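Structural features, examined
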Amino acid sequence: MTALKSPLPNTLPDSAGFYGDFGGRFVPDTLMAPLAELEDAYNKAHADPAFWADYERLLDEFVGRETPLQPMHRLTAQLGGAKIYLKREDLAHTGAHKINNAIGQILLAQRMGKKRIIAETGAGQHGVATATAAAAFGLECIVYMGADDMARQEPNVYRMRLLGAEVVPVTSGSRTLKDAVSEAMRDWVSHVHDTYYLLGSALGPHPYPRMVRDFQSVIGREARAQILAAEGRLPDSIVACVGGGSNAIGIFSGFVDDAQVKLIGVEAGGTAIAKGQHAARFSGGSMGIFQGMKTIILQDTDGQAELTHSVSAGLDYTGVGPEHAYLQALGRAEYTYALDDDAVAALHRLARTEGIICALESAHAVAYAIKTAPALSKDHLMIVNLSGRGDKDIGILRSYEENKKS
Amino acid sequence: MTTKTLRQTLLDARAAKTSAFVPFVMAGDPDMTTSTGILLSLEKSGAAAIELGVPFSDPVADGVTVQQAAERALAAGATLAGVFDMLKQARAQGLAIPVCLFSYLNPIFYMGYDVFARTARDAGAQGALIVDLPPEAAADYLATMKAAGMETVFLCSPTTDPVRLALIDAASTGFVYYVSREGVTGAQTALPTALSEKLADLRAHLTAPLAVGFGISTPAHVAALTGKADAIVVGSALVKTIGEKAADAPAALAAQVKELLAAA
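Residues numbered from 1 in each chain as written. Chains lettered and ligands numbered in written order. Predicted model: local features only at pLDDT ≥ 70, side-chain atom pairs only at ≥ 80, totals over all residues. Heavy atoms only, no water.

Topic: the overall build of chain A
A tally of regular secondary structure across chain A gives 14 helices and 14 strands. On C-alpha atoms alone, chain A measures out to a radius of gyration of 19 Å, which is about the 22 Å that the 2.2 N^0.38 rule sets for 406 residues. Taken along its principal axes, the extent of the C-alpha atoms in chain A is 55 × 50 × 45 Å. When each of the 406 residues of chain A is scored for burial, the buried share is 65%. Counted over contacts in chain A with a minimum sequence separation of 6, partners at least 24 positions apart contribute 75%. When the accessible surface of chain A is split by element, carbon and sulfur atoms take 52% of a total near 13500 Å². (Helix = DSSP H or I, 4+ residues; strand = E, 2+ residues; numbered from the N terminus. Rg over C-alpha atoms; globule rule 2.2 N^0.38 Å. Buried < 20%, exposed > 50% of the residue type's maximum accessible area, 1.4 Å probe, protein only. Contact = heavy atoms within 4.5 Å. Areas by Shrake-Rupley, 256 points an atom, 1.4 Å probe, with all protein chains shown as cover.)

Topic: the domain arrangement of chain A
Residues and elements named next belong to chain A. What the domain assignment reports for chain A is domain 1 (20–62 + 97–208) and domain 2 (66–95 + 217–405). For domain 1 versus domain 2, the separation of C-alpha centres amounts to 22 Å. Contact with domain 1, which involves 40 residues of that partner, is made by 42 residues of domain 2. At the boundary of domain 1 with domain 2, total buried surface from both sides reaches about 3100 Å², with 61% on carbon and sulfur atoms. When the buried surface of domain 1 facing domain 2 is broken down by residue, Phe22, His97 and Arg152 rank first, second and third, together holding 24% of it. The tally of links from domain 1 across to domain 2 stands at 1 salt bridge. The partner of arginine 152 in a salt bridge is aspartate 316, with the nearest N and O atoms 2.8 Å apart. Inspection of the domain 1/domain 2 interface yields 17 residue pairs in polar contact (both at pLDDT 80 or more). (Domains from an automatic or database assignment. Buried area = accessible area lost by both parts, 1.4 Å probe. Salt bridge = Lys/Arg side-chain N within 4 Å of Asp/Glu carboxyl O. Polar contact = N/O pair within 3.5 Å; in protein donor to acceptor, adjacent residues only side chain to side chain.)

Digging into the sheet that holds strand β2 (residues 22–26) of chain A
Residue and element names in this part refer to chain A. In spatial order, the strands read β1-β2-β12-β11; together these 4 strands make up an open sheet with antiparallel pairing. At either end of the open sheet lies a strand with only one pairing partner, and these are β1 (18–19) and β11 (286–290). Judged from the 5 bridges that link them, β11 and strand β12 (residues 292–297) form a sheet pairing that is antiparallel. Its bridge partner being in β12, methionine 287 is matched across the sheet by isoleucine 296. (Pairing = 2+ DSSP bridges.)

Digging into helix α6 (residues 113–123) of chain B
An α-helix turns once per 3.6 residues; consequently, residues spaced three or four apart project the same way. Residue and element names in this part refer to chain B. Listed in full, the buried residues belonging to α6 are Tyr113, Phe116, Ala117, Ala120 and Ala123. Taken around the axis of α6, the buried residues stretch over an arc of 140°, which confines them to a single face. Looking at the buried positions of α6, the neighbouring elements they touch are α4 (80–92), β3 (99–103), α5 (105–111), β4 (127–130) and α7 (139–147). Glycine 124 sits one or two positions beyond α6 and adopts a positive phi of about 110°. (Arc of directions from axis to C-beta.)

Observations regarding a nonpolar patch on the surface
Residue and element names in this part refer to chain A. On the surface, Tyr158, Leu162 and Leu163 cluster together into a nonpolar patch covering about 330 Å² of accessible area. Within the secondary structure, leucine 162 is located in helix α7 (residues 154–162). Take leucine 162: its relative accessible area is 63%, and that puts it in the exposed class. (Patch = residues over 30% accessible without salt bridge, like charges linked within 9 Å, V, L, I, M, F, W, Y side chains within 5 Å.)

Observations regarding the packing of aromatic side chains
Tallied over the entire structure, the rule returns 18 aromatic pairs over all chains. Geometrically, the ring pair formed by phenylalanine 18 of chain A and phenylalanine 26 of chain A is edge-to-face, given 6.2 Å between the ring centres and 85° between the ring planes. When the centroid spacing of 6.4 Å and the interplanar angle of 70° are considered together, the rings of phenylalanine 109 of chain B and tyrosine 113 of chain B count as edge-to-face. Overall, phenylalanine 109 of chain B belongs to the partly exposed group, its relative accessible area being 22%. Classification of tyrosine 113 of chain B by relative accessible area gives buried; the value is 18%. Through successive ring pairs, a cluster of aromatic residues spans Tyr42, Phe51, Trp52, Tyr55 and Phe215 of chain A. (Phe/Tyr/Trp six-rings, centres within 6.5 Å; stacked < 30°, edge-to-face > 60°.)

Structural data, given as structure tokens:
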């Protein structure tokens, strides 16, 4: 494969927000002006070293970066193949990579003079990160969350409320992440002057996919420097779970120019790759326009969003971030999936082998490592992005096991 | 008889110093058979044209009333092809006023612009408004619609700047639809302040005829705006009635529309 001419971080998207055929800005007229205002503010911030100095200071002092790149000695020995490292985003403040983006965007909201922060959340990690950042900056925070997700990620609902955020249940549609995104967009349309929509993944209308990638690219920069320090060479593969795709695009961005590094995204295979039972957009999805972007989505033969399923609320989403669709179309990254059962088994194995309880989302990437590492040579270096910790999932795991028994 | 274009319908209203009354209803809500009856009833009650909603699973520009209508329609099995069949049926039963489809982009993108434009035209639609397709991204769509002889309608809103307004005007062969407030669809008690002035200003800048909608729900609203725009769109207030009356909606809507138009 030939080396890409640096598609990241600043040559793409193009001025209309496209990554090749994907991305763009497909929104009602009422959102065109606020998105243009946001893009303008971000361009100014992007060019201002003081903005990045503030951002990096907060990542250091508040988020606790850098996060470790830890070799998995016992897991590697057990599997008998590739040498596995975990990028420990679960150790960032609030327990997931989501805080990297929340801090970046809250600084932008502050520069724009917006006093009211709104967000959507699936698993609750982005909601918690946003509530945390808003609290630290003294801003009002409202989080939209699917009613079904609120039930399955109850600990995070409580955390958001502890942080002073208002959590609004969304009861329309499938009562999950996509419906929370729609509801946040509706709120934004209705309160554009004082409100900042802090979108949590690398999806939606331009400039969100770019901004979120930029704020998550710290993962890739750190991981690259850390593996070079530890091994004296680049890794052979990078593995990350993909819902909207923010943790994945963050770590991929550090290696995308290194053509010899394989980039692997792991989607949610749910219970099976069959209609309504999964959220693996690259296994059964097709081109569509959804929630402001042109990308690969799961849809029926009438162009309606298809219901999705995953044991992990954070991967349970209809469309993939447009830059992932672009990397897949280019052949630069490849995408596979892990089933619910395999993700849950991977979570257990990592907990018992390495003493790390990871999030169900991240467990999909771990499942891929467990599945593929044995067949790889011992000098294969694999970095798995461990995007979050699993405390929020204790209740789900318990009921998952009870359901399996019955 | 030949159905007028959307554009001519609005221009005629302007010439008569009044406003065309354009109800919005969701196709297939509560079912396709009732929908046919609703369209015919709306025409008899005084509608000059109809905005016919195409149900979509994730309607980001709509408030809860229209969202629920889309959910009811989809639950009853509505599809884009089914909407065309229903419209064809309504035409066969005598519906003569122009119809503008009101849709989100994905069902149309999935069908393909060309198939959509030709099939919609053959079913008896005069034009379409795609809520989440801004004119900046509409080059292919505009060319295809033009080739099929279909009219195009685009939204503008309180936050639209003059540069984009000119773009929207140029892309709108049917009319320009002004979203009267910053928000989603839905009934409200009071109209935005200075709405009449805003409409006068828009008319001075636009070459296309002008419709106004979002939040217009009472006879007083309709009376206040009559003559200020070339068309007045009432949606959620009617959609709410359909949600409550189901199969009895055609008769209930006839009464409601007469009331809405009584003071105009």
